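Here's the letter readout for the chains.
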Amino acid sequence: MTAEGMPLQRGHELMIEKSRPGRIGADLPRSDVPSVSDLPQHLLRDDLPLPELSQLEAVRHFTRLSQLNYAIDTTFFPLGSCTMKYNPRVHEEIARLAGFADLHPLTDDEDAQGAIRVLYDLQDYLAALAGLDAVSLTPAAGAQGELTGILVTRAYHESRGEGETRKRIVIPDSAHGTNPATAAMAGYTVTEVPSDADGDVDVAALAGLLGPDVAAFMLTLPNTLGIFESGILEIARLVHECGALLYLDGANMNALVGRVAPGSLGFDIMHFNLHKTFSTPHGGGGPGAGPVAVRADLAQFLPGPLANRAEGGNYYLIEPENSIGALSAFYGNFGVALRAYAYIRTLGAEGLHAISENAVINANYLRARLKDAYEVPYNRITMHEALITGRRQKRFGVKTLDIAKRLLDYGYYAPTVYFPLVVEEAMLIEPTESESKEAIDAFCDAMLAIAREAETDPELVRSAPHSTPVRRLDEATAARKPILHW
Ligand SMILES: *Cc1c(COP(=O)(O)O)cnc(C)c1O
């Protein structure tokens, strides 16, 4: 339905609207069990209004719907902070291998040696990339990895008799919303530290906020402005000086992977987003994995099971001694772990090194091409994503949301908009290492054309999109009062 409540254009009707009585798409065999006639009357359904369509109609319906989607397989996907990189097809083959896909999670360790070895090796690779000592693969998303890390932090302080005194977690104002949500869920109060004029954490302000009541400082690196914190070593020193732990939100590891091991910068705990950095299809919400890496003395608190190896060479699963408890069923999203394992093995150390290099070069190229048409809030070399704003266009009455909608007419998904919250009219664009120069140029050409339109024909941009199956929706109403049936 459109915003005005009119049915969609022909070809986009619902299956129930295409239905014609008696039309059949599947031929079911005659039932070979006796039908039951003595069920209580009130349990019987006299009409079941299922759509009646031929197979061809059903196939066309779903194929057409699938083509309405934007996907990394069809378009450049500029969504910042999400790392929408190419997901190699070989991963799908590997994840579907019967030996993995059909393995029952309760299989004895000795009959699941190959699968446990994959987990063991992946723990090992991630520990090396983190520069930390132990890894739990079980958290099912970045946000759950954060929760895991903060629960480990709480267990650590409790083990030292400081659980009652350390009640605060400090988080930069540029952080992803999951960071303060995580801290609150784990029972902490949140103190916000401002960013300075260059987009870095204001280190002097941070120093003033730290103290014996702080449990952790949660930092994203590079931060959500795409900036590598130039004060990171000083930040680590200050955080440790007050007895708190330094937590890394590792969602932006695509800028660092294979190049900087966060443990060497002073991070005590971090999570990875396997679905981002190590390529699992993750548009539409999942599945993902948010493994957590910690320094050696925190390993005892990790959620199990962890994969381990006996002297003799057999692999087995263990529960850490003082574990915070399970975060997911069995060993988490195994299929995502398999894809990450395959990705790391395929690329090797050199390949991983090249990822971060190309991701950073691509983002800086994109930023350089757009910086004269769009205002850039921090005029410095960026890491793996470029932050621009729609502030100049706003003067012509064109908002960032309008620019995002106009991009749909050019065949692109919209970038991340209005995030980070600290930057007015923000647009966060992450090309990733997957895109060619030609693809980035074509996207930049579209952005530059929209910037010109904003000046010469602002109404065209304000009323976009014009070429999509539905025009501009009332998104707040769609989210808050969705019409879910006809
Ligand atoms: C994506 C992201 C998260 C959350 O990760 P999910 O896997 O979506 O739960 C947290 N922080 C940052 C900076 C992110 O980009």
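For every chain, the first residue of its written sequence is number 1, and the numbers climb from 1 along that sequence. For a predicted model such as this one, the threshold for reporting local features is a pLDDT of at least 70, and the threshold for listing and counting side-chain atom pairs is 80 or more; totals across whole chains, interfaces and linings nevertheless cover every residue. The basis for every side-chain value is the complete set of heavy atoms in the structure, and neither hydrogens nor water enter the calculation.

Q: Help me out: how do you make sense of the environment of Leu-327 in this one?
A: Each helix corresponds to a stretch of at least 4 residues labelled H or I by DSSP, and each strand to a stretch of at least 2 residues labelled E; elements are numbered beginning at the N terminus. Relative to the helices and strands, Leu-327 is located in the loop between strand 9 (315-318) and helix 11 (334-370). Sequence-wise, Leu-327 and Gly-411 are 84 residues apart; in three dimensions their C-alpha atoms are separated by 40 Å. The residues contacting Leu-327, other than those within four sequence positions of it, are Thr-138, Gln-144, Thr-148 and Pro-303. For this analysis, residues touch if any pair of their heavy atoms sits within 4.5 Å.

Q: What is the right way to read the domain arrangement of the protein from this model?
A: Where interface size is quoted, it is often the accessible area lost as the parts come together. Residue ranges assigned to each domain were obtained from an automatic or database domain assignment. The domain boundaries assigned to the protein delineate domain 1 (90-347) and domain 2 (356-480). Counting from both sides, the interface comprises 24 residues of domain 1 and, opposite them, 17 residues of domain 2. The term buried area means the drop in 1.4 Å probe accessible area that two parts suffer when joined, counted for both and summed. A buried area of about 1600 Å², summed over both sides, lies between domain 1 and domain 2, and 55% of it is on carbon and sulfur atoms. A carboxyl oxygen of Asp or Glu within 4 Å of a side-chain nitrogen of Lys or Arg is what we treat as a salt bridge. Put simply, domain 1 and domain 2 have 2 salt bridges between them. For Arg-380, the salt bridge identified is with Asp-200, shortest N-O distance 3.0 Å. Between N or O atoms, a polar contact is any pair within 3.5 Å; within protein, one atom must be a potential hydrogen donor and the other a potential acceptor, and residues adjacent in sequence are included only when both atoms are from side chains. Inspection of the region where domain 1 meets domain 2 yields 10 residue pairs in polar contact (both at pLDDT 80 or more). When residues are grouped by polarity, Ala, Val, Leu, Ile, Met, Phe, Trp, Tyr, Cys and Pro land in nonpolar, Asp, Glu, Lys and Arg in charged, and all others, Gly among them, in polar. Residues of the side of domain 1 that touches domain 2, tallied by class, amount to 10 nonpolar, 9 polar and 5 charged.

Q: Even after reading the chapter, I still don't get the site of the ligand, so can you show me in this structure?
A: One heavy atom within 4 Å of a molecule or strand is enough for the residue carrying it to be called near that molecule or strand. The environment of the ligand is formed by 13 residues, the closest being Ser-81, Gly-142, Asp-249, His-275 and Lys-276. Gly-142 places a main-chain nitrogen or oxygen 2.8 Å from an oxygen atom of the ligand. Note that an oxygen atom of the ligand is positioned 2.7 Å from one of the side-chain N or O atoms of His-275. Areas reported here follow the Shrake-Rupley algorithm with a probe of radius 1.4 Å; residue values treat only the protein chains shown as occluding. Calculation on the ligand without its partners gives an accessible area of 370 Å², and the protein chains cover 86% of this total. Contributing elements (two or more residues each) for the shell around the ligand: helix 6 (142-159) and helix 10 (274-277). Looking at the shell around the ligand element by element, the count peaks at 3 residues for helix 6. Each residue belonging to the shell around the ligand can be placed in one class, and the counts come to 3 nonpolar, 7 polar and 3 charged.

Q: What am I meant to see in the nonpolar core here?
A: One broad rule of soluble globular proteins: the nonpolar side chains tend to lie buried together. Note on terminology: a nonpolar core comprises buried Ala, Val, Leu, Ile, Met, Phe, Trp, Tyr and Cys residues joined through side-chain atoms within 4.5 Å. Remark: exposure states derive from per-residue accessible area (1.4 Å probe, protein chains only) relative to the maximum for the residue type, with buried under 20%, exposed over 50%, and partly exposed in between. In this structure, Leu-126, Phe-217, Phe-272, Leu-274 and Phe-278 are the most contacted members of the largest nonpolar core, which totals 59 residues. Counting residues per element, the ones that place at least two in this core are helix 5 (113-130), strand 4 (214-220), helix 9 (232-241), strand 5 (245-250), strand 6 (269-272) and helix 11. Considering every element that reaches this core, the biggest residue donor is helix 11, with 11 residues. The residues contacting Phe-272, other than those within four sequence positions of it, are Leu-126, Leu-129, Ala-130, Met-253, Phe-278, Ala-289, Gly-290, Pro-291 and Ala-293. Of all hydrophobic cores here, the second largest spans 26 residues; its members include Ala-186, Tyr-188, Met-218 and Leu-245.

Q: Where do I start with the pattern of salt bridges in this structure?
A: Think of it this way: side chains of opposite charge can pair up when their charged atoms draw near. As enumerated under the stated definition, the model contains 28 salt bridges in all. Notably, a salt bridge pairs Arg-406 with Asp-409, separated by 2.7 Å at the nearest N-O pair. Taken together, the residues Arg-406 and Asp-409, both in helix 13 (residues 400-409) and 3 residues apart, mark about one turn of the helix. Judged by its relative accessible area of 10%, Arg-406 falls in the buried class. One network of salt bridges, in which partners are shared, links Arg-369, Lys-437, Asp-441 and Asp-445.

Q: Even after reading the chapter, I still don't get the confidence of the model for the protein, so can you show me in this structure?
A: In low-pLDDT segments, the atomic positions of the prediction should not be examined closely. In the predicted model, the protein carries a mean pLDDT of 94, and 97% of its residues have values of at least 70. Confidence drops under pLDDT 50 across residues 1-8; counting only partners more than four residues distant or on other chains, this segment forms 11 contacts. pLDDT measures how confident the predictor is about each residue, on a scale from 0 to 100.

Q: Whenever I open this one, helix 6 confuses me. Can you help?
A: Residues lying three or four places apart along an α-helix face the same way, a consequence of the helix completing one turn every 3.6 residues. Helices are assigned an expected span. That span is 1.5 Å times one less than the residue count. Counted at 1.5 Å a residue, the expected span for helix 6 with its 18 residues is 26 Å, and the 25 Å between its end C-alpha atoms agrees. Across the 18 residues of helix 6, 13 count as buried, placing the element largely inside the fold. Where helix 6 terminates, the next one or two residues include Gly-161, which has phi positive at roughly 75°.

Q: I keep staring at helix 13 and nothing clicks. Help me out?
A: The element helix 13 is largely enclosed, with a buried count of 9 among its 10 residues. Here helix 13 has its buried residues at Thr-400, Asp-402, Ile-403, Ala-404, Lys-405, Arg-406, Leu-407, Leu-408 and Asp-409. Each element contacted by the buried residues of helix 13 is listed here: helix 12 (391-394), strand 11 (416-417), strand 12 (426-429), helix 14 (437-456), helix 15 (458-462) and helix 16 (475-480). Within two residues after helix 13, Gly-411 carries a phi angle of roughly 90°, on the positive side.

Q: How should unusual backbone geometry be read in this particular structure?
A: Residues apart from glycine generally show negative phi values, whereas peptide bonds are mostly found in trans. The amide bond that connects Leu-221 to the next residue, Pro-222, takes the cis arrangement and shows omega of -15°. Within the secondary structure, Pro-222 is located in the loop between strand 4 and helix 9. With an omega of 0°, the peptide bond between Gly-304 and Pro-305 qualifies as cis. Secondary-structure assignment places Pro-305 in the loop between strand 7 (292-294) and strand 8 (306-309).

Q: Just to check I follow, could you spell out the sheet that holds strand 12 for this structure?
A: Sheet strands line up and pair through hydrogen bonds in the backbone, either parallel or antiparallel. Spatial ordering of the open sheet is given by 10-12-11, a layout of 3 strands whose pairing is antiparallel. Looking at which strands have only one partner, the edges of the open sheet turn out to be strand 10 (386-389) and strand 11. An axis is simply a line fitted to the C-alpha atoms; with a helix, the fit covers only the stretch in contact. Between two such axes, the angle follows the N-to-C directions and lies from 0 to 180 degrees. Relative to the sheet, helix 11 contacts strand 10 and strand 12, its axis offset from that of strand 10 by approximately 20°. In short, DSSP must find at least two bridges between two strands for them to pair.

Q: Teacher, can you tell me more about the side chain of Thr-153 here?
A: Position of Thr-153 relative to the elements: it lies in helix 6. Taking the relative accessible area as the measure of exposure, Thr-153 reaches 0% and is therefore buried. Once residues within four sequence positions are removed from consideration, Thr-153 is found in contact with Tyr-188, Ala-215, Ala-216, Leu-245 and Ile-269.

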